[in-house]
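Structural features, examined
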Amino acid sequence: MMDTIFGKIARGEIPADIVYEDEDVVAFRDLHPQAPIHILVIPRKPIRTLNDLEAADAELVGRLFLAARKVAEREGIAAAGYRTVINCNAAAGQTVFHLHLHLLGGRPLRWPPG
Ligand code: DGP
């Protein structure tokens, strides 16, 4: 697959404000935050979109959410509440084609988002 900016961040080739990382997952602050806390959680493995997930990725997806939970706790938004979003393809607004989970919080979040 084509490399993306997030692949470069995961490999440490370009800088990002990394708040969590382990063997499988990296989390860093979004460059254009939509909320006081806006963090992107990505697998190191370059998966283009949610449509490209395979059964073998099931554990990896679980690890993404466990990392999001850990980061939410660290950022102090776990109790108040936060949102996780994965945009899939253009109609949903996906612009970077390396699977990523948005973790948003730090203010009341409108629902539905529109
Ligand atoms: P999406 O629209 O779901 O594909 O979200 C992509 C997000 O990535 C968007 O909120 C802005 C953010 N973003 C784009 N380029 C960079 C970058 O180079 N660094 C960081 N930290 N975030 C980026």
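As shown above, the structure is provided for reference.
Residues numbered from 1 in each chain as written. Predicted model: local features only at pLDDT ≥ 70, side-chain atom pairs only at ≥ 80, totals over all residues. Heavy atoms only, no water.

**A look at the packing of aromatic side chains**
In the structure shown here, the tally under the stated rule is 1 aromatic pair. Relative to Phe28, the ring of Phe6 lies with its centre 5.3 Å away and its plane at 75°, an arrangement referred to as edge-to-face. Within this pair, whereas Phe6 is found in helix 1 (residues 5-10), its partner Phe28 is found in strand 2 (residues 25-29), the two being separated by 22 residues in sequence. In this pair, the class of Phe6 matches that of Phe28, namely buried. (Phe/Tyr/Trp six-rings, centres within 6.5 Å; stacked < 30°, edge-to-face > 60°. Helix = DSSP H or I, 4+ residues; strand = E, 2+ residues; numbered from the N terminus. Buried < 20%, exposed > 50% of the residue type's maximum accessible area, 1.4 Å probe, protein only.)

**Details of the sheet that holds strand 4 (residues 82-85)**
Within the open sheet, the 5 strands sit side by side as 1-2-3-5-4. Their pairing is antiparallel. Strands with a single pairing partner mark the edges of an open sheet, and in this sheet they are strand 1 (18-21) and strand 4. Neighbour to neighbour, the strand axes of the sheet diverge by 20° on average, direction disregarded. In the sheet, strand 2 pairs with strand 3 (residues 37-43) via 5 bridges, with the strands oriented antiparallel. Opposite Arg29, over in strand 3, you have Ile39 as the bridge partner. (Pairing = 2+ DSSP bridges. Axes fitted to C-alpha atoms, helices over the stretch in contact; angles between N-to-C directions.)

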